[in-house]
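Observations on chain architecture
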Amino acid sequence: MLLKRITEAAGVAGDEYEVRAVIRDELAGYSLKMKTDMLGNLIVSQNEEKPGPRIMLAAHMDEIGLMIVQIDNTGLLYFKAVGGIDPRVLVAKVVRVGKKKLPGVIGAKAIHLQRPEERLVPIPLESLYIDIGAKNKEDAEKVVSIGDYAVFDTEYETFGDGFAKGKSFDDRVGCAVLAEVMKETYHAPVYGVFTVSEEIGLRGAGVAAYAIDPQVAISLEGTTAHDVTDVEDHLVSTRCGAGPSLTFMDNSVISDRKLIQLAAKTAETLGIPYQYKNTATGGNDSGKMNQTRAGVPTIEIAVPTRYCHSPISVIHLEDYNNTIQLVKALIHAIETGGFEIK
Amino acid sequence: MNGKEQLKSMIESTGVSGFEAPVAKLIQELFKPYTEDIRKDALGNVIAKISGSAQTNSPNIMLAGHMDEIGLMVTKIDDKGFIHVTQIGGFDQRTLPAQEVWVHGKKTLLGLVVAKPPHLTPMDERKKTIPLSGLLIDIGYPAEKAREFVQVGDLITIKRSMQELQNDWLAGKAMDDRAGVLVMLECLEELKKLKHTANVFAVATVQEEVGMRGAITSTYGIMPDIGIAIDVCHGRMPAVPEYNTSPMGGGPSIAMGPNVHPKVLALLKKVAKETRIPISLSAAPGATGTDAWAMQISQSGVATGVVSIPLRYMHTAVETLSYSDIQQSGKLLAYFIAAVDCAFVEELSCY
């Protein structure tokens, strides 16, 4: 099960090895060219030498996580966040530390020992630490070093009415979509790029796009779904179960309007539900692809994801499958002249 | 016996205060190798009696480890299918967001504790704790279906498998106080090797977290001479004064103070010294916050003691302790029981 393997793999920005391995393994049986570049982007391609519009797709392998920055005398590990994390979601969680995936817990002072006013404010990140059961600093240093990464310990599981829960659907769901999309045979040159370090500033996508020099680019994401209680309708960015989401714009990019129209038309032809993202916050890899060389028309297509950047993100599996179908069909539409290449 | 596996099965089981039946059933099974005399009282306390070797006038010693855990209860299923909750026992609300839970409805469902997305909440709200009333549980069903499976009053527990850390440290939910139940099992195992005149009543109590209610009735029913509460205490950690904590891995922590009978305390210390079991001492100037508080004033009075396992992050989903402290506590109690005779009991009321 690709979604299980790819979300349970650890891959904080700068440390995407396990995710790369899962993708390589998943695509090993297909006649695809695979290579990595200087930053660690995994570039999977077909028809590189053939004519036709060069189409690039990007999904980022990295996830938000923690990096160990200090081991104190009692053997507790202090950390900083890699990417954007609300410290409130870290308390009382299990994490896996380092390459050996050592279990550790992020605890909190017992409620019995707190003053009432303490309970009213969130525990700041600087006061949190990971406890791996070490007796002291020396004991901890036998198994952990400063610079080691830690990730949430979350199992992929399905639940409810067709939902799945796991860590890092942002953007492993995009990676899984891209892997499935690359299994299809196209006529045009198609580059599926599994990018690095998106969470710390879209670092990988621009480099890969420069090398590939695409004529059209698609970013595949797990984007925020705010379809929970007490959120006003216009603030519900996307809704789980309502189909792939098409982004008009966010803080990093404005999508090409004709590409959006083509994607919408393609979904309609396929009979797939789709939605427009209602909010314009955040950023995605298109932001870099869009500004590569002399400019590239881009679009972001995303699987709505609840609780992004927390240990328990949620997608609807129907959205996942529909996104795969839509992206495949969109590539076919582009390669058969559905989108005018300038 | 494999204590770690027993602890894993107990903490991963369910038994919110007042609703201890699932874990009680498991604990009854775990007591079976030691005695056939196992009963439940009206509140649900599980009482296992192991008879001593004395023919007459056997001292009666009661051990109490509470099997209940803190939990949540469904108060409402809203029109989007999300569940609203209240709590049974004292959670720190700051430890609940992004927690996985079991919703015990018509069937047991996976639930996720969530709140409004952070960037949709105003900046000043982000600086505040999300109150329990602001938390939602996502079970992935639309309202109609959710209401089919779940109703107001259903229980919710933390979903967490036991984690084995370095140095035999263990982490999980409900270590408070299933670890205390394991201490009783370790004690009974050790006791098999020893001669003891006292009758032992190992009691897995109910409703400690909401006011030691199980200890009140079970102690009355047994009327022991000596009652020892086995619970958890705060393990040493940063930002907590040393006097409020006990060292992790330093053996059982023995409480001193008005909730503890001085002769019981003295014997515990003496036995620890003789058997070279490491202990730490903790000063408890008033209530110990354990079943001993209720046991002490049952009927005409009980001589009490408190043996505790140092534990970090109490009442969170990652309660952490050292397995060796459980083993040492079990041993200490077994040797303590073996050291109690009629003469010792007679002396207890002589001040």
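**A look at the overall build of chain A**
Of regular secondary structure, chain A possesses eight helices and 17 strands. With respect to the principal axes defined by its C-alpha atoms, chain A has extents near 65 × 45 × 35 Å. The burial tally for chain A puts 56% of its 342 residues in the buried class. Taking as baseline every contact in chain A between residues at least 6 positions apart, the subset at least 24 positions apart corresponds to 77%.

**Details of the sheet that holds strand β17 (residues 313-316) of chain A**
Residue and element names in this part refer to chain A. Ordered in space as β10-β11-β17, the three strands form an open sheet in which the pairing is antiparallel. In this open sheet, the two edge strands, each paired with only one partner strand, are β10 (157-159) and β17. Mean inter-strand twist for the sheet, computed between neighbouring axes without regard to direction, equals 30 degrees. Note: β10 against strand β11 (residues 163-166), three bridges, orientation antiparallel. Looking across to β11, one finds that glutamate 157 is bridged to lysine 165. Along the sheet, helix α8 (residues 317-338) contacts β11 and β17; its crossing angle with β17, the most-contacted strand, is approximately 65 degrees.

**Points about the domain arrangement of chain B**
Residue and element names in this part refer to chain B. Along its sequence, chain B is carved into domain 1 (3-69 + 173-347) and domain 2 (72-158). Using only C-alpha atoms to locate each centre, domain 1 and domain 2 end up separated by 33 Å. Each side of the interface is counted separately: domain 1 has twelve residues, and domain 2 has eleven residues.

Criteria and thresholds
Residues numbered from 1 in each chain as written. Chains lettered and ligands numbered in written order. Predicted model: local features only at pLDDT ≥ 70, side-chain atom pairs only at ≥ 80, totals over all residues. Helix = DSSP H or I, 4+ residues; strand = E, 2+ residues; numbered from the N terminus. Buried ≥ 20, exposed ≤ 12 C-beta atoms within 10 Å, placed from the backbone. Contact = placed C-beta atoms within 7 Å. Pairing = 2+ DSSP bridges. Axes fitted to C-alpha atoms, helices over the stretch in contact; angles between N-to-C directions. Domains from an automatic or database assignment.

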